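# Inside the fold
Residues per chain, in single letters:
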Amino acid sequence: MVKTKNFTSDDVIKMCRGYMNEEHVAKVSKAYTFAEYVHRGQKRRSGEPYIIHPTQVAGILAELKMDPDTVSSGFLHDVVEDTGVTVEDVDILFGSDVAQIVDGLTKLSKVKYVAHKDELAENHRKMLLAMAKDLRIIMVKLADRLHNMRTLQYQTPDRQQAISNETLEIFAPLADRLGISAIKWELEDLSFLYLKPKEYHKIANLMDTKREEREGYIQEAIVAVNKALAELHLNYEIYGRPKHIYSIYKKMVNKNKQFDELYDLLALRIITQTVQDCYAVLGAVHTEWRPIPGRFKDYIASPKKNLYQSLHTTVIGPGTKPLEIQIRTRKMHEIAEFGVAAHWAYKEGETEKVKVDATGKRLDLFREILEIQNEYKDVNANDFMATVKGDLFSDRVYVFTPKGDVYDLPKGSVPLDFAYLVHTEVGNHAVGAKRNGKIIPLDTPLKNGDIIDIMTASQAKPSHDWLEMVKTTRARNKIRRYFKSQERTEDIEAGRQQLENYLIEHNFNPKEFMTKDALAKVGSKFQGFGAEEVLAAIGYGELSPQIIANRLTESYRRQQLKAAEDQKISEMLKNHQSSFNKGSIDQDTGVYIEGVDNLLVHLARCCTPVPGDPIVGYVTQGRGITVHREDCTNVIKNNSMQQRLIEVCWGNPSSRNVLYHTDLEIYAYNRNGVLKDVIQELNVLAKGLGNINARVSADDKTATIEAVVKVYNLTNLKQLMESLKKVPDVYSVVRANK
């Protein structure tokens, strides 16, 4: 079962005093006092005083021996979000470093866990990019998440599932890549407890049932190891290493085995003083017991990406039972338990960021995250997270170049993935590969310790088959980018031809409308495309020729329709001029009322008529005349209104330049971006916008968008409605009748 610690503020200060100077202990103590004061009276969901949570976060950080600014930030990480304290206040009281960490954590707190897949991926991208800017932010965030997981029983079942899923997908892999196994395993076990409680308790009970037998065997093995090492006269520690519940579950699932069939549940860990002692112990162990072939790994000579170092071997131990043994130095053990935190040097009150290791390479997980974002700015959030999870958070395989440089890739990667990791041009011109001096196909899975040499040729180029061959998203994106670049000329020409054909089919002259400036103007509304980008996007199917043609001709079509409508209205007025021998045009509404003048006139809000609509006047009591559309449901259904209707007519619209409000209802299939597309179309054709409201149906499949638009007349309105119907996934556009 997962056992957790509960720290008091005195515990935290005592831990800090064990490795900090008094000045910095005082700073941490001040941070607690301040946090306790501003959180006073606040309660957690459990009913406990809120200060208990930041105290546990600070305690976890102190246990990792983090610097005073980071531990102080643990106490203060919620003060800006949950109290009246500002970032500027934190800066004045505790310095700019603490303020920056707290500010980063406050912004992270606004990235909430959501159920929708696309929104969730975007939230995770924002979170990772924010944390990648300062390693200390993720250290506090990991401590914060760990304590939240320790108290997850106070959340609803739905929240427990959601938070546990996010922890297992994002935070546990982050802790693993940072090498902080002390946090990683607890996050995994706690997540497993809430996601699969039956499986968790089954394994926990099996472990308890076999505990005495297991502990007896471990003690027998320790005695045998001590005897084997006695002649070496080394200074070392030895103890049994417990397996964690989630790791046991993964082994049972991945290897399709029952609990009793897992031989590596029995393990010893030997801590030595020097690297030489590690190999001396290994030799003695292999002399005493026969090693199992294929079960030896030397992570001292070839450290993992997260700087983990250790010797792993499995031998046929006492009683002919398999026994796993890990051998490492004290420093290696600290790194294995605390990862990057062990490199966060605190000396004489000074803090360095992350020390360089023996090879001069920095721990570069966050550099890689930022590199993925910078290199693939055009990919969506789901692709970004697939790259992070697949390329950075997966199990790793370590291979070498012929010069001895070590590279790590996701397990299952092939030589092509390695080639693109070395350099894009190496990948683009690869023709073959050698593994340990022997030629192998480019799709051969790589193994730990392989020496890989990529053979290239200047005339070689990628094949479309490579997209199915590579395993990393990084390599796949680079191959796609190559084809997109190489096929650009063909796409531009194909797009030009498609657009010309569409314009000709609809009686427009391509030379008149397909100018470079016109295409660039339209393209500026599509991610800032230039003229050639618009044509290329049509060529490879990202944009339809219909949408671009409509944008190119919209001004011309609007002018033509307005001229035709004005002519029609002018002729109607001319034909009926003799009947308009009395009355006047209302200057506010543009409505002519036969036989009446100097009377208050206003347009009905229920049907919002515009010039060109067939209209009728309703004589109100004390409010003049209200003008409705003839098809207004209030007029048609209300019999009492019929006796008070009078004939009205629009004045000559050609002499007016007045905008009229009208209400539209737009119905669409719900998808990400449909509201943006509708608003973009409204901005182009409407003469002005009022309120815009949107809602989705109960089943989340359809959306209704209500918009108040400004137009000159019915012709203008009809053109707008027709254009809206061409927006992808819009299936109906109607005028509202309230």
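Above: the structure in question.
As a starting point, this report considers the structure included with it. Just so it is clear, the structure is predicted and the values come from calculations on it, not from any experiment.

### Quick word on the side chain of threonine 55
Assignment of secondary structure puts threonine 55 in helix α3 (residues 52–63). Within the structure, the side chain of threonine 55 is placed 2.8 Å from the backbone oxygen of isoleucine 51, a separation counted as a polar contact. Sequence-distant contacts of threonine 55, that is, excluding residues within four places in its chain, are made with Phe7, Thr8, Ser9, Val12, Tyr32 and Phe75.

### Let's talk about the pattern of salt bridges
Taken as a whole, this structure holds 18 salt bridges when the rule is applied. For aspartate 613, the salt bridge identified is with arginine 735, shortest N-O distance 2.7 Å. Taken together, the positions of aspartate 613 in the loop between β14 (601–603) and β15 (615–619) and arginine 735 in strand β22 (residues 730–735) put the pair 122 residues apart, joining distant regions of the chain. Judged by its relative accessible area of 7%, aspartate 613 falls in the buried class. Taking the relative accessible area as the measure of exposure, arginine 735 reaches 16% and is therefore buried. Each of the salt bridges in this network shares a partner with another, and the network as a whole consists of Arg671, Asp677 and Asp729.

### Considering the packing of aromatic side chains
For the structure on display, the rule yields 14 aromatic pairs. Three or more aromatic residues link up through ring pairs in this structure, and these residues are Phe192, Tyr200, Tyr246 and Tyr249. In this structure, lysine 30 is placed above the aromatic ring of phenylalanine 94, and the distance from its NZ or CZ to the ring centre is 5.1 Å.

### Some words on the packing of α3 against helix α4 (residues 68–76)
At a closest axis distance of 7 Å, the pairing of α3 and α4 adopts a crossing angle of 160 degrees. In terms of orientation, α3 and α4 fall into the roughly antiparallel class. Seen along the crossing, α3 lies across α4 with a hand that is right-handed. Along the contact surface, α3 presents Pro54, Thr55, Val57, Ala58, Leu61 and Ala62, while α4 presents Thr70, Val71, Gly74 and Phe75. For the contact of α3 with α4, a count of residues per class yields seven nonpolar, three polar and no charged.

### Brief notes about unusual backbone geometry
With phi around 60 degrees, lysine 65 is a residue other than glycine that occupies positive phi space. If you trace the backbone, lysine 65 turns up in the loop between α3 and α4. Positive phi values are uncommon outside glycine, yet asparagine 436 reaches one of about 55 degrees. Structurally, the position occupied by asparagine 436 is in the loop between β10 (430–435) and β11 (438–440). Judged by its relative accessible area of 46%, asparagine 436 is partly exposed.

### Some remarks on the nonpolar core
The biggest cluster of nonpolar side chains holds 67 residues, and the ones touching the most others in it are Val71, Leu76, Val90 and Ile203. If one sorts the elements of this core by residue count, helix α9 (residues 135–150) sits on top with nine residues. Look past the residues within four positions of valine 71 in its chain and what remains in contact with it is Val12, Cys16, Tyr19, Met20, Val28, Ala58, Leu61, Ala62 and Met66. Core analysis: the next-biggest nonpolar cluster, separate from the first, contains 31 residues, Val627, Leu685, Leu724 and Val730 among them.

### Quick word on helix α30 (residues 714–725)
Counted at 1.5 Å a residue, the expected span for α30 with its twelve residues is 16 Å, and the 16 Å between its end C-alpha atoms agrees. Taking burial as the measure, the twelve residues of α30 include nine buried ones, the bulk of the element. Measuring from the backbone nitrogen of threonine 715 back to the side-chain oxygen at the start of α30 gives 3.2 Å, which picks out asparagine 713 as the cap.

Criteria and cut-off values
Residues numbered from 1 in each chain as written. Predicted model: local features only at pLDDT ≥ 70, side-chain atom pairs only at ≥ 80, totals over all residues. Heavy atoms only, no water. Helix = DSSP H or I, 4+ residues; strand = E, 2+ residues; numbered from the N terminus. Polar contact = N/O pair within 3.5 Å; in protein donor to acceptor, adjacent residues only side chain to side chain. Contact = heavy atoms within 4.5 Å. Salt bridge = Lys/Arg side-chain N within 4 Å of Asp/Glu carboxyl O. Buried < 20%, exposed > 50% of the residue type's maximum accessible area, 1.4 Å probe, protein only. Phe/Tyr/Trp six-rings, centres within 6.5 Å; stacked < 30°, edge-to-face > 60°. Lys NZ or Arg CZ within 6 Å of the ring centre and 35° of its normal. Axes fitted to C-alpha atoms, helices over the stretch in contact; angles between N-to-C directions. Parallel < 35°, antiparallel > 145°, perpendicular 65-115°, else oblique. Left-handed = near helix turned anticlockwise from the far one by under 90°. Nonpolar A, V, L, I, M, F, W, Y, C, P; charged D, E, K, R; others polar. Core = buried A, V, L, I, M, F, W, Y, C linked by side-chain atoms within 4.5 Å. Expected span 1.5 Å × (residues − 1).

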